[in-house]
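Results of the structural survey
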Amino acid sequence: MPPIPDVSGSVVEGDDNDYKLKFSIGTTQSGAQYRGLEYFEKIVEARSDGHIQVELFHSAQLGDDLQAVSALQSGTLEMTAPSTSPLVNMFPQFAVFDLPFLFPTPEIADEVLDGEIGDSMLDVASSNGLVAIGWAENGYRQLTNSQTAVDSPDDLSGLKVRTMQNPIHLDIWRTLGANPTPMSFAELFTALEQGVVDGQENPWITIQSSRFNEVQGYASETNHVYTPFITLVSERFWNKLPENYQQLLVDAAQQMGVYEREVSRTLNDQIKQELIDDGMQITELTPEQVATFQQSLSPVYDEWREQIGGDLIDAIRARS
Ligand code: PAF
């Protein structure tokens, strides 16, 4: 795991007040996201000379992704960093991140998130009581299940797959022949354990850190969707901060995003191997098998292209 970088930069002058900032996420303490939060905490506390005290919460202790966003809006929580997918009802532009196989490499994802498209989405998401200040990554999603090895859409027939609360994800799994159920992440382990659903999809790090391999014997390296995390601040809290501290949060979120993506990518292959060593049967798809999934999912693009914006989709595709 890449070590947390030294915290550098001069102390930022604020005002005479001290601030408490609770930062809550849905993933566990052993995931890449929490490691990123630890770095954020160090930067903010050091550079504010202790005037901003950061307290970290993981594993949806203060609510799942959607509940944490509502808490920001009502001012009972200061920061969170959800996947973009459950927020599409609020910010329809985010749906572009749910399209299957749109981001073939992490470098292309970075170009989009750290470029004009990502910036304009941060602007859009800075509304409804929220201030959006940066990107990190959940990463490439992989399918796990308790029933069978999957290397083609035919294997998915009737499989009960938990999805995030997002209409495109539902559409993806229906189109592939599975039986998708949207569900909060907080309920997922128990639902998998009790067989309420047969499978789920998340990056390797989340699969391991949430111990899904204990209740899922099979996985397929589908890389079907790349999911970013968006770093959000409560507007109520934001408005209380002097401008220098607002900028400090933006800078720290940016540094966290770079570091968290490095951690996530460094750990990805290592964790896949650890899952195999722990007995999970992981199917690596051939390029031809991936192409079959892609072809099967072309109706999802037909369905959503107009709503999401053909120009945006084409601009991202042009980078491949
Ligand atoms: O599967 C989900 O709901 C999300 O990927 C997670 C793990 C909560 C991170 O936002």
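Let me sum up the structure you'll find in this document. (Residues numbered from 1 in each chain as written. Predicted model: local features only at pLDDT ≥ 70, side-chain atom pairs only at ≥ 80, totals over all residues. Heavy atoms only, no water.)

**Considerations on the side chain of D171**
Note the following rule: Think of it this way: any DSSP run of H or I at least four residues long counts as a helix, any run of E at least two long counts as a strand, and we number them from the N terminus. We call a residue buried when its accessible area falls under 20% of the maximum for its residue type, exposed when it is over 50%, and partly exposed in between, using a 1.4 Å probe and counting protein chains only. Counted charges follow a simple rule, with Lys and Arg positive, Asp and Glu negative, and His plus the chain ends left uncounted. Any Lys or Arg side-chain nitrogen found within 4 Å of a carboxyl oxygen on Asp or Glu counts as a salt bridge. Counting of polar contacts relies on pairs of N or O atoms within 3.5 Å, with two restrictions inside protein: one atom must be capable of donating a hydrogen and the other of accepting it, and residues adjacent in sequence are counted only when both atoms are side-chain atoms. Any two residues whose heavy atoms approach within 4.5 Å are treated as being in contact.
By secondary structure assignment, the location of D171 is in helix α5 (residues 167-175). The charged side chain of D171 is buried without a salt bridge, its nearest counter-charge being R174 at 5.2 Å. Only 2.9 Å separates the side chain of D171 from the side chain of W304, close enough to count as a polar contact. Residues contacting D171, with those up to four places away along its chain left out, are V300, E303 and W304.

**Topic: the pattern of salt bridges**
Scanning the entire structure with this criterion turns up 11 salt bridges. Here E78 and K22 are joined by a salt bridge, their closest N and O atoms 3.5 Å apart. Of this pair, E78 sits in the loop between α2 (65-74) and β3 (79-80) while K22 sits in strand β1 (residues 19-24); the two residues are 56 residues apart in sequence, bridging distant segments of the chain. Taking the relative accessible area as the measure of exposure, K22 reaches 26% and is therefore partly exposed. The shortest N-O distance in the salt bridge between K272 and E221 comes to 3.0 Å. Here the residue K272 occupies a position in helix α9 (residues 243-277), and E221 occupies one in strand β9 (residues 218-221), the gap between them amounting to 51 residues. Several salt bridges share partner residues, and in doing so they unite D110, D114, E137, R261 and R265 into one network.

**Some thoughts on the site of the ligand**
Selection criterion: For this description, a residue counts as near a given molecule or strand if any of its non-hydrogen atoms is within 4 Å of it. Note on areas: Shrake-Rupley, 1.4 Å probe, and residue coverage restricted to the protein chains presented here. Residue classes follow a fixed rule: Ala, Val, Leu, Ile, Met, Phe, Trp, Tyr, Cys and Pro count as nonpolar, while Asp, Glu, Lys and Arg count as charged, and any other residue, Gly among them, counts as polar.
Neighbouring the ligand are the residues T27, D65, S83, N138, R141, R162, M164, F185, N202, T206 and F229. Contact distances for the ligand include 2.6 Å between an oxygen atom and a side-chain N or O atom of S83. Within the contact set of the ligand, an oxygen atom lies 2.7 Å away from a side-chain nitrogen or oxygen of R162. Here the ligand has 290 Å² of accessible area as a free molecule, and 96% of this is covered by the chains. For the shell around the ligand, a count of residues per class yields 3 nonpolar, 5 polar and 3 charged.

**A closer look at the sheet that holds β3**
Working definition: the strands of a sheet are paired by backbone hydrogen bonds and lie parallel or antiparallel to each other. Rule in force here: If DSSP finds at least two bridges between two strands, the strands pair. Fitted lines through C-alpha atoms give the axes, limited to the stretch in contact for helices. The angle between two N-to-C directions lies from 0 to 180 degrees.
The 5 strands lie next to each other as β2-β1-β3-β10-β4, forming an open sheet whose pairing is mixed. The sheet is open, and its two edges are formed by β2 (52-57) and β4 (130-140), each paired on a single side. The sheet contact formed by β3 and strand β10 (residues 226-234) spans 2 bridges and is antiparallel. Bridging from a neighbouring strand, M79 pairs with V233 of β10. Set on the sheet, α9 makes contact with β1, β2, β4 and β10; between it and β4 the angle comes to about 5°.

**Description of the pairing of strand β5 (residues 142-145)**
Of the two faces of β5, both are covered, the one formed by Q142 and T144 as well as the one formed by L143 and N145. With 3 bridges connecting them, β5 and β9 associate as antiparallel partners. The partner of N145 across the bridge, within β9, is Y218.

**With respect to the environment of T80**
Along the chain, T80 turns up in strand β3. Owing to a relative accessible area of 0%, T80 belongs among the buried residues under this scheme. With 149 residues separating them along the chain, T80 and F229 place their C-alpha atoms 9.4 Å apart. If near-sequence neighbours (up to four positions away) are discounted, T80 is found in contact with F23, S24, A68, V69, L72, I230, T231 and L232. Of the polar contacts made by the side chain of T80, one reaches the backbone oxygen of S24; its length is 2.7 Å.

**Some points on α9**
Filter applied, for reference: Here the expected span of a helix is defined as 1.5 Å times the quantity of residues minus one. The bend reported for a residue corresponds to the angle between axes fitted to the seven residues ending at that residue and the seven starting there.
Across its 35 residues, α9 extends 50 Å between first and last C-alpha, which sits within 8% of the 51 Å expected from 1.5 Å per residue. At N268, α9 is deflected by roughly 40°, the largest bend along its length. G279 sits one or two positions beyond α9 and adopts a positive phi of about 105°.

**Brief notes about the packing of aromatic side chains**
Each aromatic ring pair is described using two quantities: the centre-to-centre distance and the angle formed by the ring planes. As a reminder of what qualifies: In summary, the pairing rule links any two rings of Phe, Tyr or Trp, Trp by its six-membered ring, whose centres are within 6.5 Å, and it sorts them by plane angle into stacked for under 30 degrees, edge-to-face for over 60 and tilted for everything else.
Within the structure shown, the criterion is met by 11 aromatic pairs. Between F97 and F103, the ring centres sit 5.8 Å apart and the planes meet at 25°, which makes this aromatic pair stacked. Each member of the pair, F97 as well as F103, is classed as buried. Among the aromatic side chains, those forming a connected cluster through ring pairs are F91, F94, F97, F103, W135, Y140 and Y226.

**Comments concerning the packing of helix α1 (residues 32-47) against α9**
The condition that has to hold: For this classification, under 35 degrees means roughly parallel, over 145 means roughly antiparallel, 65 to 115 means roughly perpendicular, and everything else is oblique. Less than a right angle of anticlockwise turn of the near helix away from the far helix marks a crossing as left-handed, whereas a clockwise turn marks it as right-handed.
Between α1 and α9, the least distance of the axes is 8 Å, while the angle of their chain directions is 150°. Taken together, the axes of α1 and α9 lie roughly antiparallel to each other. At the point where α1 passes α9, the crossing takes the right-handed sense. From α1, A32, Q33, R35, G36, L37, Y39, F40, I43, V44 and R47 reach across to α9, where they touch L248, L249, D251, A252, A253, Q255, M256, Y259, E260, V263 and S264. When the residues that make up the contact of α1 with α9 are grouped by side-chain class, the tally is 13 nonpolar, 4 polar and 4 charged.

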